[in-house]
Amino acid sequence: MKVKSIGEIIIDDLWRDNPVIVQILGICSTLAVTNMFLNTLIMGLGLTFVTAFSALVLSLIRNIVPSRIRMIVQTLIISSFVVIVDIILKAYVPNISRALGPYVGLIITNCIIMGRLEAFASSNKPLLSFVDGIFSGLGYTWILLVIAFFRELLGFGTILGIRVMDPLMQWLGYSDGWVQWSIMIMAPGGFFMLASLIWILNNHKLKQLNNRR
Amino acid sequence: MKKALYTIFFMVAITIFFITILAITNELSSKKIEDNYKIQVMKSILYAFNLYPVGLSDDKIDADIVSQDISWDKDELFKVYNEKIREVELANKKIFVYIENGKAAGYGFYISGKGLWGEIQAFCAVNFQLSHLLGLDFLKQSETPGLGARITEHWFKRYFRNLDISNFSEKKIEMVRKKEKLNTEVSANTFEAVTGATLTSRGVLNMLNNELKDYLKLIKENKGKISKELSL
């Protein structure tokens, strides 16, 4: 199997083989946390941290892990890092920890992490696996942030909790300000946004591919 | 056989390794987490009693800003808390007394109820006459981030400022879909539900309606005892 270069890994994880829009992984949390930009950002960073370090550790011990228990070992590594993230959030950013509530623990169940560990880290060198972990996490994060931007903006009229739409509407002459699109803060809004984004980005990719031909 | 033994040995070794790392991380952070929680509880109690750092007040906080944290200077927080808040125990229940000019100005207590996903714990404060809520703050909840968890935001919690409970035995607190004016403007026994989180909002409503009755009765019957115990 041809070993990918770091550049290829980065482009694949962020764009060509993006975990959310191409592999359709990590959808539960994509729908759940993306109605607020800040929560999404922290969730994304938490997932990136866990994926990167889990991939690094698994890659370091890949040659000594008995194949029949490799999945249990992967789960053990992932859950350990998730608990570490949970403790760090509780100790240093307690507000965010409270805001994210049970979702930090649910990073364990995110398919992206186990997917990258099984598909990449278990057969590649530590540095490459670490980079793959970071950029798989960032590939997930940037898609979620785009969704969160629109959901929070339309649903609450805010970005990072700061009112944006009310002043904008008043500046445009609508004295009542922004009428919140409640559906955007609920799960259906997440579905619509995710589906729209997958459609737009994959359409764009297809066009790029056709142009190259 | 050798392979099976190696597998067992490997699993035990890696488990011990990660448990050790987690134990060390926990040990290094547990004090800080505990302190954070204590500070958070103190902030919540002061918030419920409508006490803010110098220069800040209820109407100065932008209700639409999502952040739920009131930034206190640590020294000021301890000073205000120690000066204004005292604790007494009645019938195995902790009652917090808000003291203003040497007199009791309000009472507070912990309440809990069921949310959509789990237990909600809150601190509730009432005025000295037991006729209005002074405020409410949430200490623990596991509601959906961005939906039910919005009960911790200031825009929601300010509906509990000056909420009318003067006729609580006959007229319980009610939840409404839309509230044009705050209870600080037009006193009423209602608060506005969180859009998209009706079950969580109802959880808050039930928690208040179930817990308040006993506490109000307990405080009403023991006002003299509380004052005596605290030499007020």
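None of these values were measured; they are calculated from a predicted model.

Peer 1: Sorry if this is basic, but what is going on with the overall build of chain A here?
Peer 2: Each helix and strand counted, chain A has ten helices and two strands in total. Taken from N to C terminus, the helices and strands of chain A fall in the order α-α-α-α-α-α-α-β-β-α-α-α. Over its C-alpha atoms, taken along the principal directions, chain A stretches across nearly 65 × 55 × 25 Å. Every one of the 213 residues in chain A was classed for burial, and the buried ones make up 49%. In chain A, of all internal contacts separated by at least 6 residues, the share reaching a separation of at least 24 is 77%. Put simply, chain A shows about 10,100 Å² of open surface, and 70% of that area lies on carbon and sulfur atoms.

Peer 1: Got a minute to help me understand the interface of chain B and chain A in this structure?
Peer 2: One frequently used descriptor of interface size is the decrease in accessible area upon assembly of the parts. In this complex, chain B contributes 35 residues to the contact, which on the side of chain A involves 37 residues. Across the interface of chain B and chain A, roughly 3,100 Å² is buried in total on both sides, 70% from carbon and sulfur atoms. The largest contributions to the chain B side of the interface with chain A come from Phe10, Phe18 and Pro145 of chain B, which together make up 19% of the buried area. Counting the contacts that link chain B with chain A gives three residue pairs in polar contact (both at pLDDT 80 or more). Here the side of chain B that touches chain A is built from residues that sort into 13 nonpolar, 14 polar and eight charged.

Peer 1: Explain the side chain of Asn110 of chain A here, please?
Peer 2: Residues and elements named next belong to chain A. Here Asn110 shows up in the loop between helix H5 (94-100) and helix H6 (111-119). A polar contact is formed between the side chain of Asn110 and the side chain of Ser29, at a distance of 3.4 Å. Once residues within four sequence positions are removed from consideration, Asn110 is found in contact with Gly26, Ser29, Leu47 and Tyr140.

Peer 1: Looking at this structure, I do not really get the pattern of salt bridges. What am I missing?
Peer 2: Two side chains of opposite charge can pair, provided their charged atoms sit close to one another. Residues and elements named next belong to chain A. Across all of its chains, the model carries 14 salt bridges over all chains by this definition. Among the ionic pairs, Asp12 bridges to Lys4, the shortest N-O distance being 2.8 Å. For Asp12, a relative accessible area of 10% translates into the label buried. Under the relative-accessibility criterion, Lys4 is labelled partly exposed at 28%. Among the charged side chains, a network of salt bridges with common partners joins Lys4, Asp12 and Arg16.

Peer 1: I keep staring at the nonpolar core and nothing clicks. Help me out?
Peer 2: Looking at soluble globular proteins, one finds that nonpolar side chains tend to be buried together. If you look at the biggest cluster of nonpolar residues, it comprises 54 residues, and the most contacted ones within it are Val50, Val73 and Ile77 of chain A together with Ile14 of chain B. Counting residues per element, this core draws most heavily on helix H4 (residues 70-92) of chain A, at nine residues. Those residues in contact with Val50 of chain A that lie beyond four places of it in its chain are Ile78, Phe81, Val82, Val85, Ile107 and Ile113 of chain A. Met36 and Phe156 of chain A together with Tyr107 and Leu216 of chain B belong to the second-largest nonpolar core, a separate cluster that totals 45 residues.

Peer 1: How should a nonpolar patch on the surface be read in this particular structure?
Peer 2: A surface patch of nonpolar side chains, amounting to about 560 Å² of accessible area, comprises Met1, Leu5, Ile8, Val12 and Ile16 of chain B. Met1 of chain B gets classed as exposed once you look at its relative accessible area, which sits at 79%.

Peer 1: Would you explain the packing of aromatic side chains in this entry?
Peer 2: Inspection of every chain in the model, using the stated rule, returns 23 aromatic pairs over all chains. Ring geometry for Phe156 of chain B and Phe160 of chain B: centres 5.4 Å apart, planes at 70°, overall edge-to-face. A relative accessible area of 0% places Phe156 of chain B in the buried class. When its relative accessible area of 0% is taken as the criterion, Phe160 of chain B is described as buried. Ring pairs connect the aromatic residues Phe49, Phe53, Phe81 and Phe130 of chain A together with Phe17 and Phe18 of chain B, which therefore count as one cluster. Across from the ring centre of Trp15 of chain A, 5.1 Å away, lies the NZ or CZ of Lys205 of chain A, which sits over that ring.

Peer 1: Help me understand the sheet that holds strand S5 (residues 133-140) of chain B in this model?
Peer 2: The pairing of strands in a sheet happens through backbone hydrogen bonds and is either parallel or antiparallel. All names here are of chain B. The strand order S1-S2-S3-S4-S5 describes an open sheet built from five strands, whose pairing is antiparallel. The outermost strands of the open sheet, each flanked by one partner alone, are strand S1 (85-90) and S5. Taking the axes of each pair of neighbouring strands and ignoring which way they run, one obtains an average angle of 25° across the sheet. Across five bridges, the pairing between strand S2 (residues 93-100) and strand S3 (residues 103-114) is antiparallel. Counterpart to Val97 in the pairing with S3 is Tyr107.

Peer 1: Please clarify how the state of the cysteines should be interpreted in this entry.
Peer 2: The term disulfide refers to a covalent linkage connecting the sulfur atoms of a pair of cysteines. All names here are of chain A. Applying the stated criterion across every chain yields a total of zero disulfides over all chains. Free of any disulfide, Cys111 has its nearest neighbouring cysteine sulfur in Cys28, separated by 6.2 Å. Take Cys111: its relative accessible area is 41%, and that puts it in the partly exposed class.

Peer 1: Before we go on, may I ask you to explain the packing of helix H3 (residues 37-60) of chain A against helix H7 (residues 126-155) of chain A in this structure?
Peer 2: All names here are of chain A. It is the contact of H3 with H7, at a shortest axis distance of 8 Å, that shows an interaxial angle of 165°. Taken as axis vectors, H3 and H7 run roughly antiparallel relative to one another. Considering how the two elements wind past one another, H3 and H7 form a crossing that is right-handed. The residue makeup of the contact of H3 with H7, split by class, is 20 nonpolar, nine polar and one charged.

What counts and how
Residues numbered from 1 in each chain as written. Chains lettered and ligands numbered in written order. Predicted model: local features only at pLDDT ≥ 70, side-chain atom pairs only at ≥ 80, totals over all residues. Heavy atoms only, no water. Helix = DSSP H or I, 4+ residues; strand = E, 2+ residues; numbered from the N terminus. Buried < 20%, exposed > 50% of the residue type's maximum accessible area, 1.4 Å probe, protein only. Contact = heavy atoms within 4.5 Å. Areas by Shrake-Rupley, 256 points an atom, 1.4 Å probe, with all protein chains shown as cover. Buried area = accessible area lost by both parts, 1.4 Å probe. Polar contact = N/O pair within 3.5 Å; in protein donor to acceptor, adjacent residues only side chain to side chain. Nonpolar A, V, L, I, M, F, W, Y, C, P; charged D, E, K, R; others polar. Salt bridge = Lys/Arg side-chain N within 4 Å of Asp/Glu carboxyl O. Core = buried A, V, L, I, M, F, W, Y, C linked by side-chain atoms within 4.5 Å. Patch = residues over 30% accessible without salt bridge, like charges linked within 9 Å, V, L, I, M, F, W, Y side chains within 5 Å. Phe/Tyr/Trp six-rings, centres within 6.5 Å; stacked < 30°, edge-to-face > 60°. Lys NZ or Arg CZ within 6 Å of the ring centre and 35° of its normal. Pairing = 2+ DSSP bridges. Axes fitted to C-alpha atoms, helices over the stretch in contact; angles between N-to-C directions. Disulfide = S-S within 2.5 Å. Parallel < 35°, antiparallel > 145°, perpendicular 65-115°, else oblique. Left-handed = near helix turned anticlockwise from the far one by under 90°.

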